[in-house]
Amino acid sequence: MFWSKPKKKQETAAVRVDERLQHIAFIMDGNGRWAKKRGMPREYGHTHGAATFKKIGRYCEKIGLKYMTVYAFSTENWKRPQKEVDAIMKLFDDYIEECFQEMEEDNVHFRFIGNLTAFPETTQSKMERIDRETAHKPFLLNIAVNYGGREEIAHACNALIREGKREVSETDIGRHLYTLECPDPDLIVRTGGDYRVSNFLLWQSAYAEYYFTPTLWPDYSPRDVDEAVAAFYGRKRRFGGL
Ligand code: FPP
């Protein structure tokens, strides 16, 4: 089984989170540079990035997180060379197939978020079925594909226009975000050394703590998660208060 019984020995949880840290979101950056350093094509980095994603997902569940979100493909990533886009799409297809075959055995509620209409209908219906059939599981994993924070807000506004609203509240917009009932991220980790938000969870990140690391995503490890968690607990969150 690909999620709860990895081929390699399971990583021991070195930390345990509490109710202050329920949701971590990851900007998984650095796959291309990781491959380049090895004289390999960028697609090689994405393949290793996908393996890292599974490893980090298992670990986040183990340390007691309730929600995890990963930025797997942005609305802007279609601009990349076709060969690279095709390779990433193949990784998604394989992953969806794995989820589909093995979803009953894991503790994971898999949810694909973003503008899913860009995907073939068969893929969309598999994504929806996986989401529906794992909805009772305790660990929610949001996989953002064809996701853009601005697109998501525009999508929510259009849904409200269709409802006939003439004035909207923050709650109204929240009802139509792709993340739905998932609470906002407490911590957003970006790997790869850049200090950018890159159109990720623009609405939901209003009070998130950010953590940036130079580690390239394929090298990212459970020990790096421990470091980010420790940094989070070292911060004082005031949510605009004192
Ligand atoms: C950013 O690194 C990474 C992406 C655009 C793709 C991320 C995709 C994966 C990690 C695979 C996910 C797979 C599944 C199954 C969800 P980059 O290519 O921009 O790296 P660079 O900054 O070094 O060029």
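Residues numbered from 1 in each chain as written. Predicted model: local features only at pLDDT ≥ 70, side-chain atom pairs only at ≥ 80, totals over all residues. Heavy atoms only, no water.

Caption draft 1: The arrangement of the overall build of the protein in detail. Within the protein one finds seven helices and six strands. In the protein, the order of α-helices and β-strands from amino to carboxyl end is β-α-α-β-α-β-α-β-α-α-β-β-α. The C-alpha radius of gyration computed for the protein amounts to 18 Å, which stays within 12% of the reference 18 Å derived for 242 residues, consistent with globular compactness. Principal axes of the C-alpha set define a box for the protein whose edges measure 55 × 45 × 35 Å. Evaluated residue by residue, the protein yields a buried proportion of 48% over its 242 residues. The contacts in the protein between residues at least 6 apart in sequence include a share of 78% that link residues at least 24 apart. Surface summary for the protein: the accessible area is close to 12,600 Å², and the carbon and sulfur share equals 51%. Seen as two clouds, the 37 positive and the 36 negative side-chain charges of the protein have centres 4 Å apart. (Helix = DSSP H or I, 4+ residues; strand = E, 2+ residues; numbered from the N terminus. Rg over C-alpha atoms; globule rule 2.2 N^0.38 Å. Buried < 20%, exposed > 50% of the residue type's maximum accessible area, 1.4 Å probe, protein only. Contact = heavy atoms within 4.5 Å. Areas by Shrake-Rupley, 256 points an atom, 1.4 Å probe, with all protein chains shown as cover. Lys, Arg positive; Asp, Glu negative; His and termini not counted. Charge placed at Lys NZ, Arg CZ, Asp CG, Glu CD.)

Caption draft 2: Spatial organisation of the side chain of H46. By secondary structure assignment, the location of H46 is in helix α2 (residues 42–62). Given the relative accessible area of 8%, H46 is considered buried. Those residues in contact with H46 that lie beyond four places of it in its chain are N31, R80, E84, I88 and L91.

Caption draft 3: Region of the structure containing α2. Along its 21 residues, α2 runs 30 Å from first to last C-alpha, staying within 8% of the 30 Å computed at 1.5 Å per residue. Residues E43, G45, H46, G49, T52, F53, K54, I56, G57, R58, Y59 and C60 constitute the buried set of α2. If you follow the buried residues of α2, they end up packed against β1 (23–27), α1 (31–37), β2 (67–71), α3 (82–102), β4 (139–144) and α7 (222–233). Of the residues one or two after α2, G64 is the one with positive phi, at around 100 degrees. (Expected span 1.5 Å × (residues − 1).)

Caption draft 4: Quick look at the pairing of strand β3 (residues 108–113). In terms of residue burial, β3 counts as a mostly covered element, since six of its six residues are buried. Burial of β3 is two-sided: the residues V108, F110 and F112 facing one way and the residues H109, R111 and I113 facing the other way are all buried.

Caption draft 5: The arrangement of helix α4 (residues 121–133) in detail. Its 13 residues give α4 an end-to-end C-alpha distance of 18 Å, which sits within 8% of 18 Å, the value for a rise of 1.5 Å per residue. For α4, the full list of buried residues reads T123, Q124, M127, I130 and D131. Buried residues of α4, seen end-on, are gathered within an arc of 130 degrees and therefore sit on one face of the element. Those residues of α4 that are exposed and angled more than 90 degrees off the buried face are E121, T122 and R132. In the core, the buried residues of α4 are packed alongside α3 and β3. (Arc of directions from axis to C-beta.)

Caption draft 6: Representation of the pairing of strand β6 (residues 209–212) within the structure. A one-sided burial pattern is seen for β6, the buried positions being E209 and Y211 and the unburied ones Y210 and F212. Bridging between strand β5 (residues 187–190) and β6 involves four bridges; their strand directions are parallel. Counterpart to R190 in the pairing with β6 is F212. (Pairing = 2+ DSSP bridges.)

Caption draft 7: The arrangement of the pattern of salt bridges in detail. Applying the stated criterion across every chain yields a total of 20 salt bridges. Between K90 and D94 there is a salt bridge whose closest N-O contact spans 2.9 Å. Linking K90 with D94, this pair stays in helix α3, spanning four residues, or about one helical turn. Judged by its relative accessible area of 48%, K90 falls in the partly exposed class. The partly exposed category is assigned to D94, whose relative accessible area is 33%. For the salt bridge of R111 with E181, the shortest nitrogen-to-oxygen distance reads 3.7 Å. Note that R111 is positioned in strand β3 and E181 in the loop between α6 (170–175) and β5, a separation of 70 residues in sequence. Taken together, the salt bridges that share partners define one network made up of E163, K165, D172 and R175. (Salt bridge = Lys/Arg side-chain N within 4 Å of Asp/Glu carboxyl O.)

No statement about biological role is implied by the geometric values presented.
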